[in-house]
Amino acid sequence: MNIRTVSTTPFNDQKPGTSGLRKSVKVFQKPNYLENFVQSIFDTLDGCEGQTLVLGGDGRYYNRQAIQIILKMAAANRIGRILVGRGGILSTPAASCIIRQYKAFGGIILSASHNPGGPEGDFGIKYNITNGGPAPEKVTEAIYDRSQKINSYKILDAPDVNLDKLAVLRLGEMAVEVIDPVEPYARLMESLFDFDGIRSLLSGGQFRMCMDSLHAVTGPYAKEIFENRLGAPAGTVINGTPLEDFGGGHPDPNLVYAHELVDILYGDDAPDFGAASDGDGDRNMILGRKFFVTPSDSLAILTANANLVPGYKERLAGVARSMPTSAAVDRVADKLNIDCYETPTGWKFFGNLLDAGKATLCGEESFGTGSDHVREKDGLWAVLFWLNILAVRGESVEEIVRSHWQTYGRNFYSRHDYEEVDKERASELMESLRDRLGEIKNKQFGFSQVDYADDFSYTDPVDGSISQKQGIRIGFTDGSRIVYRLSGTGTKGATLRVYLESYESDASKHDVDTQEALKPLINLAEEIAQIRQFTDRDAPTVIT
Ligand code: VG1
Ligand code: CO
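The structure presented is a predicted model; accordingly, all values stated were derived computationally and were not measured.

(A) Spatial organisation of the packing of aromatic side chains. Across all of its chains, the model carries 15 aromatic pairs by this definition. For the pair phenylalanine 28 and tyrosine 33, a centre-to-centre distance of 5.4 Å together with 85° between the ring planes defines the contact as edge-to-face. The same class applies to phenylalanine 28 as to tyrosine 33, namely buried. With a centroid separation of 6.3 Å and 40° between ring planes, the pair formed by phenylalanine 292 and phenylalanine 367 is classed as tilted. Remark: phenylalanine 367 occurs in the loop between β17 (361-364) and β18 (368-371) and phenylalanine 292 occurs in strand β14 (residues 291-293); sequence separation between them is 75 residues. For phenylalanine 367, a relative accessible area of 4% puts it in the buried group.

(B) Looking closely at the sheet that holds strand β8 (residues 167-171). Across the sheet, which stays open at both edges, the 7 strands sit in the order β2-β6-β5-β3-β4-β9-β8 with mixed pairing between neighbours. Edge positions in the open sheet fall to β2 (21-24) and β8, since each of these has one partner strand only. Strand-to-strand twist across the sheet, computed as the mean angle between neighbouring axes with direction ignored, equals 20°. By the bridge criterion, 5 bridges tie strand β4 (residues 81-89) to strand β9 (residues 174-179) in an arrangement that is parallel. Residue pairing for β9: isoleucine 82 is matched across the bridge by valine 176. On top of the sheet, helix α4 (residues 92-101) reaches β3 (52-57), β4, β5 (106-110), β6 (122-128) and β9; it is set at about 165° to β5, its chief contact.

(C) Representation of the sheet that holds strand β25 (residues 481-486) in the model. In space, the 7 strands of this open sheet follow the order β20-β21-β24-β25-β26-β19-β27, with antiparallel pairing throughout. Each having just a single partner strand, β20 (444-445) and β27 (542-543) make up the two edges of the open sheet. In the sheet, β20 pairs with strand β21 (residues 448-455) via 2 bridges, with the strands oriented antiparallel. By the bridge assignment for β21, glutamine 444 is matched with glutamine 449.

(D) Quick peek at the nonpolar core. By size, the foremost hydrophobic cluster in this structure holds 70 residues, and its most contacted members are Phe193, Phe226, Phe273, Trp381, Trp386 and Leu387. Top contributing element to this core by residue count: helix α13 (residues 379-393), with 10 residues. Of the residues that make up this core, three or more belong to each of domain 1 (3-181) and domain 2 (185-408). Contacts of leucine 387, omitting those with residues within four sequence positions, involve Ile198, Leu201, Leu202, Phe207, Met209, Phe226 and Phe273. In this structure, Tyr62, Ile70, Leu163 and Val178 belong to the second largest nonpolar core, which totals 47 residues.

Criteria and cut-off values
- Residues numbered from 1 in each chain as written.
- Chains lettered and ligands numbered in written order.
- Predicted model: local features only at pLDDT ≥ 70, side-chain atom pairs only at ≥ 80, totals over all residues.
- Heavy atoms only, no water.
- Phe/Tyr/Trp six-rings, centres within 6.5 Å; stacked < 30°, edge-to-face > 60°.
- Buried < 20%, exposed > 50% of the residue type's maximum accessible area, 1.4 Å probe, protein only.
- Helix = DSSP H or I, 4+ residues; strand = E, 2+ residues; numbered from the N terminus.
- Pairing = 2+ DSSP bridges.
- Axes fitted to C-alpha atoms, helices over the stretch in contact; angles between N-to-C directions.
- Contact = heavy atoms within 4.5 Å.
- Core = buried A, V, L, I, M, F, W, Y, C linked by side-chain atoms within 4.5 Å.
- Domains from an automatic or database assignment.

Structure below.
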């Protein structure tokens with residue numbers, strides 16, 4: 001078989017964002033676009049020749065074509081072996097799990113996560129390192145630098161590989177193993193949770209759950225785990241067949257986009273427990289009967305109850321949360337007397353803390369929770385963690401959350417997103433805030449006295465690397481907080497995220513609607529940043 005060297009020229013927009021390179025499918029279909037980025041990855045990886053890589057994606061449109069291209073390029077770049085999920089499928093946490101189990105050199109994951117799919121939707125690609133986690137910034141920057149100088153790529157002339165049958169094949173000199181995408185992951189879950197206890201809960205006929213896979217990658221995983229291994233009735237998993245366009249929806253597990261599940265959990269005769277996951281399976285939403293658990297609370301509750309779960313009993317070294325995530329978990333860490341780390345947004349910042357054994361559980365306000373079992377956030381893992389707690393405590397989701405608030409107080413929390421706003425105006429809004437930080441620092445707004453105002457900068461406690469400009473935060477003396485940052489995953493215009501948080505210790509005031517409780521802060525966020533003026537919007541596009 002013939003290895004071809006194809007000449008090419010750089011694309012100036014291949015800088016990875018919060019989680020890899022994300023663009024519309026149309027951009028990825030441009031001649032050489034995918035190839036340039038993939039060659040830049042291979043060129044950047046020192047010593048990848050002869051090594052094993054893991055490859056798979058969330059099954060969205062263009063997944064199969066991209067996999068064929070990447071396989072042929074890997075063979076031409078002298079990779080030794082590729083483990084690819086059957087059908088080209090691997091959820092992001094399963095890819096992380098497989099990289100670790102097989103001690104692979106790294107992996108390439110194809111996903112645009114919660115962004116819509118299909119020919120008019122988005123596509124994405126990211127590289128994960130040996131620990132199974134997203135490449136840190138120094139690697140993504142090196143890949144980008146390379147992409148700006150690239151002048152050729154290598155590809156093997158060969159027929160497409162059959163991805164639909166488990167097999168060990170050859171592609172030129174390289175081995176291709178088509179592996180079961182579910183089994184290694186399901187086995188890992190069995191090692192962490194009390195499957196017997198959860199099985200009694202799910203098959204006892206009393207307790208009912210509904211898992212919405214939103215036509216995305218977790219369908220086969222959820223069916224195998226909940227229905228086959230844990231005995232939940234058939235039909236527990238809805239929208240469980242991965243579709244290339246996710247049935248036309250946003251595979252984003254929140255109250256807005258997972259509306260079918262929300263209708264079921266808020267309807268008559270609602271089940272006891274509901275959950276949803278996103279496009280690539282790393283996010284989760286947890287619902288009780290007519291009750292929503294915020295992701296920030298979920299992290300705090302998992303931490304507070306970790307001793308009830310076999311895989312975590314008496315072994316929490318510390319916890320970590322992204323900066324915009326609420327401080328609910330900080331209060332639990334305080335009580336447990338363990339460290340709590342605050343990192344920039346994006347799972348790549350947890351990698352070092354997990355590797356060094358400084359953090360055991362991690363979470364983000366954006367419906368992401370996970371632990372040191374892999375190096376990605378993990379949607380089904382969070383669902384199983386909740387089921388394990390429910391099986392042991394025998395209380396409802398709502399009872400568990402309310403008693404948590406009783407003990408620790410409640411952190412009211414919401415995120416307001418302004419999607420697809422003008423890029424330049426959004427940057428101007430951020431610049432204007434940055435310019436005024438000194439002046440905002442000592443200000444009094446009505447009853448609210450500013451405690452601190454800064455642009456979040458993070459120094460990694462393990463390797464000392466510094467990440468600056470990670471979001472403007474304004475904290476008030478009563479513990480409430482506003483954070484502004486621009487999304488690094490969107491593909492159209494800019495997305496402004498405004499994160500709002502206030503704290504209430506008095507349990508008699510915990511029943512207030514979140515948006516109501518945050519009203520003064522929402523008004524303040526507008527007053528300080530002039531969001532309407534800069535975005536030309538009267539209201540956020542999505543509130544979570
Ligand atoms: C968003 C979330 C962030 C998450 C990232 C990737 O990033 O805010 O918390 O880690 O998506 O999640 P941004 O830059 O748009 O705010 V996923 O499920 O896309 O891998
Ligand atoms: Co995701």
